[in-house]
Amino acid sequence: MEASYRTTYEASLADPEKFWLEAAGAIEWTGFPRHALDGARAPIYRWFPDGELNTSVNALDRHVAAGRGDQTALVYDSAMLGTQRRYSYRELLAEVERFAGVLRGLGVRAGDRVIIYMPMIPEAAMAMLAAARLGAVHSVVFGGFAARELAARIDDATPAVVVTASGGLEPSRRVEYLPAVDEAIRTAGHKVPNVVVKARDGFGHGVEDFDGGATAWHDWDRLAASAQPVAAVPVKATDPLYILYTSGTTGAPKGVVRDNGSHAVALAWSMKNIYNVGPGDVMWTASDVGWVVGHSYIVYGPLLAGATTVLYEGKPVGTPDAGAFWRVVQDHKVNVLFTAPTALRAIRKADPDAGLLDGYDRSSLRTLFAAGERLDPETYDWIAAALAVPVIDHWWQTETGWAIAANPMGLEPLPVKAGSPTVPVPGYRVEIVDGAGRPVPAGTEGNIVIRLPLPPGTLATLWGNDRRFVESYLQTFEGCYATGDSGYFDGDGYLFVMGRTDDVINVSGHRLSTGAMEQVVAKHPAVAECAVVGVADRLKGQRPSGYVVLKAGAGISPDVLQQELVALVREQIGPVADFKEVRVVAALPKTRSGKVLRKTMRQIADGEEYVVPSTIEDASVIDELVRTMRS
Ligand code: COA
Ligand code: AMP
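The chain has the name AMP-dependent synthetase and ligase in an unreviewed UniProt entry, where Arthrobacter crystallopoietes BAB-32 is given as its organism. In its Sequence similarities (unreviewed entry) section, the UniProt record describing the chain reads: "Belongs to the ATP-dependent AMP-binding enzyme family."

Below is the structure:
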């Protein structure tokens, strides 16, 4: 009998040990694990404590060894340059082996960190896989972050090497990376010994402009030309594969740690059971390797499954038009496309009748997956009607690394309900609880938590900081991981994820911290205090909106203040923060203990009904705020 979703879900929770050891059979191990779950250090759990493997071997070598070396592993499609390049598994393996040789030549050993600050070019994926090959730990930093954010990650991860490129291509400009890397290296406390640069045409700087100080700058191609391919280093399943920094509620990003064994097992399981993608299929995840979605489903997931992955350098609109996605689907015979709702809304705005779809052959496309924020029912209805293939919302986080709730298309496709990511994925015991941790009935919104242990593939800890891991996620609700999202189950067991319960916001599918923006805004000499809240935005989901109380006698016009604050956030966090709105207010609403009522502010800005907490310090501030915000 075919396994159904329900029986599989129940089996995964009833006997996780058996379930995940069976799933581990999809991976090639140098030491097959005898045990799945290690709870000795609960609430910090580990999976496959005695397993040994190499993730890069599982993504590349094993497919070549199985006779699929000539199959395309990676297609690089640059809408920015108008070019395409295909790499077979054999070619990708050769590139990765060589770059692993480059890293080894620079002294990188198992456990060392390698920061990768790159645009969407194949070398970004090669660098990730090469680090994994050596048992080193990569940490990709999204190219839209400014030097200061890069410096913070350098100080936390203390890398042996930073791998970068001359720059990235945005529709409106070329983004020069090297001056930012240089600034980050100079301002970080940790001294980076080596930088490797993949040179791209048309940029203003090269390694020679920076080499010569405490850090040695090297050209990728020059080193690769003489590098010796390196054999893969087997590592323990519990050794870290990567660190990916994500926004928390404070300015200090959290270094989510993913380990080798459980990551490989979980992603392989998800490729088959959620995405229904196997060897020879083509998956295109239109994201960036700087985000978890890109790690999991541009690089590791498709390659672990022996599929073909598309790495796209471009935008959903304007490169050159809103037909760009459909052109890529046609050109590369994409079977499964994964994107963010904001991209679909951008396409819809530019092409409301989806007329551009007709110009392309989309017969290969089986399913469209969306994540990064809730797929709102209006956008769902539009894209589902236009594409006439299943459109699947699924919910996950940087922390989990793969979907917590989804429609398991490879296991048992379930009827779709617009606005819901469907059901909890096997391995995740999802519950809804009130503020005191008590379960709430179906239909009632509450905190979404996952009862421990989390399944394989989820965060092992925060880099170098078990305590912050426990305090941030595992302490609020006894025995559970707090997702930071709120939502409810309906009577059919479908989950609805409605929004964050903390100060994390989601702008164009990019996760940002309002706390980090507040820290920057507060530095302005005219600002007495400030709050940044995420307000609803029809295109981007949310956009940051700053509210500022001026110091007495500040003597600055609101327009000049706005310009200066926008420039400051752009310079210190990066353009991706998309901080463009500032309002001057007489006072911020606060509780008597001094906590700014950000949720109330957001509700007022969004025109929602709002409740003024009884703990408010001065209720008249709210009336004043309503007048200013709605003016
Ligand atoms: N490097 C440097 N700058 C970057 C960047 C990068 N990798 N990515 C974005 N930026 C810059 C943009 O150029 C823009 O700068 P600007 O203010 O000078 O114009 C700013 O950051 C905001 O960019 P973006 O968020 O892309 O907004 P947009 O208005 O240019 O485009 C969308 C809107 C919806 C088309 C775009 O956000 C998009 O494609 N979103 C999908 C996001 C996604 O896939 N996320 C993955 C999560 S699953
Ligand atoms: P990130 O860590 O950047 O992937 O952001 C994770 C957050 O994005 C989640 O905690 C949610 O708030 C939101 N999110 C991601 N996917 C979805 C989805 N399908 N539905 C609702 N919210 C989502």
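**Observations regarding the pairing of strand β32 (residues 581-584)**
Two strands pair when backbone bridges link them, and strand β31 (residues 541-550) and β32 are joined in this way by four bridges, in the parallel orientation. The residue bridging G546 from the neighbouring strand is V582, located in β32. Handedness of the crossover joining β31 and β32 through helix α16 (residues 558-572) is recorded here as right-handed.

**Focus: the environment of V433**
Along the chain, V433 turns up in strand β23 (residues 429-433). Apart from residues no more than four positions distant in its own chain, V433 is found in contact with R438, P439, V440, G446, N447, V449 and F477.

**Thoughts on the domain arrangement of the chain**
Domain annotation for the chain reports domain 1 (90-233) and domain 2 (504-630). A separation of 36 Å is found between the C-alpha centroids of domain 1 and domain 2. If you look at the interface, domain 1 gives seven residues, while domain 2 gives nine residues. Interface area for domain 1 against domain 2, summed over the two sides, is near 680 Å², with a carbon-plus-sulfur share of 51%. The interface formed by domain 1 and domain 2 includes zero salt bridges.

Criteria and cut-off values
- Residues numbered from 1 in each chain as written.
- Chains lettered and ligands numbered in written order.
- Predicted model: local features only at pLDDT ≥ 70, side-chain atom pairs only at ≥ 80, totals over all residues.
- Heavy atoms only, no water.
- UniProt positions renumbered as here; feature names shortened; annotations may be inferred.
- Pairing = 2+ DSSP bridges.
- Helix = DSSP H or I, 4+ residues; strand = E, 2+ residues; numbered from the N terminus.
- Right-handed = clockwise from strand over helix to strand, strands pointing away.
- Contact = heavy atoms within 4.5 Å.
- Domains from an automatic or database assignment.
- Buried area = accessible area lost by both parts, 1.4 Å probe.
- Salt bridge = Lys/Arg side-chain N within 4 Å of Asp/Glu carboxyl O.

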